[in-house]
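Below, each chain spelled out in residue letters.
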Amino acid sequence: MRLLLVAFLSTISLFAAPKDITSFHATFSQTIIDDTKKKILYHGEIWAATPQNALWVYSKPIQKSVYINGSRLTLLEPKLEQATLKNLGDEIDFLQIIKKAKPLNASRYSATVNGQTYFIDFNGDLLSAISYSDNYENQVSIKFINPIQNQPIESSRFKAIIPADYDVIR
């Protein structure tokens, strides 16, 4: 009986540990496949920290930065010299999706948030990928390379600085 209890507690620990992420940094590759099987591949870098901060910096094939601070999104597009400001409403942040995930097996989780189902993969305790179908029936897969979790990230990283010559769209 005692051995069974130890095995049970170890299994709970195994499934719970990856979700305890308070900050995250990695490079990423994002693949989007539309309903006609056309594939678009993006590359970039992400930083995320609780309570609700994220910065997605896309470097290829286009450059853009997506800042999320609480319920506010700022999109900077250098090529267009444009900043888009948006309130997110009831959308949920990156780390909250992971926190709400339930185990499917030792390395794969799923979370349904606002009607959207996400599949979250771990390599040991490290977040390695997220995949989902978006509202346009695109298959989205984001693979994280060299992830770093639970290390301090300066709060200034999440502060968008809009150049004075950019057009601002609200």
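The structure displayed is predicted, hence computed values, not measured ones.

Turning next to the pattern of salt bridges. Within the structure shown, the criterion is met by one salt bridge. The partner of Asp121 in a salt bridge is Arg108, and the shortest N-O contact between them spans 2.7 Å. One end of the pair, Asp121, is in strand E9 (residues 116–123); the other, Arg108, is in strand E8 (residues 108–113), and 13 residues separate them in sequence. Of the residues examined, Arg108 reaches a relative accessible area of 27% and is grouped as partly exposed.

Another point: the sheet that holds strand E3 (residues 53–60). Read across the sheet, twelve strands follow the order E7-E8-E9-E10-E11-E1-E2-E3-E4-E5-E6-E12 without closing on themselves; strand pairing throughout is mixed. Both outer strands of the open sheet, strand E7 (102–103) and strand E12 (167–169), are each paired with one neighbouring strand and no more. Note: strand E5 (residues 72–77) against strand E6 (residues 82–87), six bridges, orientation antiparallel. Note that in E6 the partner of Leu76 across the bridge is Ala83.

Time to look at the packing of aromatic side chains. Going through the model one piece at a time under the given rule, you end up with six aromatic pairs. With a centroid separation of 5.3 Å and an interplanar angle of 65 degrees, the aromatic rings of Tyr109 and Phe122 are classed as edge-to-face. Separated by 13 residues along the polypeptide, Tyr109 in strand E8 and Phe122 in strand E9 bring together distant segments of the chain. Accessibility classification places Tyr109 together with Phe122 in one group, the buried group. Grouping aromatic residues by their ring pairs yields a cluster made of Phe28, Tyr42, Trp56 and Tyr58. The ring of Tyr58 carries Lys64 above its face, with NZ or CZ at 5.0 Å from the centroid. The ring of Trp47 is capped by Arg157, whose NZ or CZ atom sits 4.0 Å from the centre of that ring.

Reading guide: rules and limits
- Residues numbered from 1 in each chain as written.
- Predicted model: local features only at pLDDT ≥ 70, side-chain atom pairs only at ≥ 80, totals over all residues.
- Heavy atoms only, no water.
- Salt bridge = Lys/Arg side-chain N within 4 Å of Asp/Glu carboxyl O.
- Helix = DSSP H or I, 4+ residues; strand = E, 2+ residues; numbered from the N terminus.
- Buried < 20%, exposed > 50% of the residue type's maximum accessible area, 1.4 Å probe, protein only.
- Pairing = 2+ DSSP bridges.
- Phe/Tyr/Trp six-rings, centres within 6.5 Å; stacked < 30°, edge-to-face > 60°.
- Lys NZ or Arg CZ within 6 Å of the ring centre and 35° of its normal.

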